[in-house]
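Tertiary structure, described
What follows is each chain in one-letter form.
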Amino acid sequence: MVKTLENPTIFVHGQESSSQGTKGLFFRDLAPQMIIPDFTGDVSNRMSRLHEILRGKSAITIIGSSLGGLMAGLYAFQNRDKVKSLILLAPALNLPEFEPYLSETLTVPVSVFHGKNDEVIPCQAIKVIAERVFPKLTFTVLDDDHRLTTTFAKIDWPQLLFY
């Protein structure tokens, strides 16, 4: 039986992925009504598209992977009243685009899943940033790489999305 998401939920893929990547296909099967678009270009172009897609929506859950995690964080800080929760997978919060928000806090629930063997986005640096800006943070370090190759499908997605 396919469960239905109660609120708008979007998956924002990473820089080198698409809606047809492993995570996008996984979420399409898990929750067919999830918004799973493609993003191209630089962060500014991707953010413009994200704002366009989410225009008029509220109580949004955003799942963001890598650069998509950065985008999720940026969108949430820029639209605090529209976001219900964030689920971030190895989020690129260490990039310069996130610096303006390092002295702020976002009070929505945030779950971060990060591989301890990530060679692209440093896990410990992200943990420090996340603990600073997300007071309602659950940070889970997984025995995995940047893509969460072996643990992604084992995350309790129904608990996170259909609570």
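Structural data are supplied above this passage.
Source: prediction; values computed, not measured. Every residue gets a number counted from 1 within its own chain, in the order that chain's sequence is written. At least 70 in pLDDT is required for a residue's local features to be given in this predicted model, at least 80 for side-chain atom pairs to be given and counted, and no such filter applies to totals for whole chains, interfaces and linings, which use all residues. Side-chain measures were taken over the full set of non-hydrogen atoms in the model, leaving aside hydrogen atoms and water.

Per the convention used, a helix needs a DSSP run of H or I reaching at least four residues, while a strand needs a run of E reaching at least two, with both numbered from the N terminus. Per the secondary structure count, the protein chain includes 5 helices and 5 strands. In the protein chain, the succession of helices and strands from N to C terminus is β-α-α-β-α-β-β-α-β-α. For the protein chain, whose C-alpha radius of gyration is 14 Å, the value lies close to the compact-globule estimate of 15 Å for 163 residues. Along the first, second and third principal axes, the C-alpha set of the protein chain runs to 40 × 35 × 30 Å. Classification of the 163 residues of the protein chain by burial places 50% in the buried group. Working rule for contacts: check all heavy atoms of both residues, and any pair within 4.5 Å makes them a contact. Looking at the protein chain alone, contacts between residues at least 24 apart form 72% of all its contacts between residues at least 6 apart. Where accessible areas are quoted, they stem from the Shrake-Rupley method and a 1.4 Å probe; at the residue level, only the protein chains shown are allowed to cover. Put simply, the protein chain shows about 8000 Å² of open surface, and 49% of that area lies on carbon and sulfur atoms. In this tally, Lys and Arg are treated as positive and Asp and Glu as negative; His is ignored, and so are the chain termini. Working definition for charges: the position is that of NZ of Lys, CZ of Arg, CG of Asp or CD of Glu. For the protein chain, the separation between the mean place of its 16 positive charges and that of its 17 negative charges on side chains is 6 Å. Only C-alpha atoms enter the radius of gyration, while the globule expectation follows 2.2 Å times N to the 0.38, with N the number of residues. In this scheme, a residue with accessible area under 20% of its type's maximum is buried, one over 50% is exposed, and one in between is partly exposed, where area comes from a 1.4 Å probe on protein chains only.

Nine residue types can take part in a nonpolar core, namely buried Ala, Val, Leu, Ile, Met, Phe, Trp, Tyr and Cys, and a core is a set of them joined through side-chain atoms within 4.5 Å. With 37 residues, the main nonpolar core has L50, I62, L86, F98 and F134 as its most contacted residues. For this core, the secondary-structure elements that each account for two or more residues are β1 (9-12), α2 (43-54), β2 (60-65), α3 (67-78), β3 (83-89), β4 (110-115) and α4 (123-133). With 8 residues, α3 is the single largest residue contributor to this core. Those residues within four positions of F134 in sequence are excluded, and the remaining contacts are F77, L86, L88, L93, F98, L106 and V110. One finds L5, L142, L160 and L161 within the second-largest nonpolar core, a separate group that totals 18 residues.

By themselves, these observations are geometric and do not establish any function.
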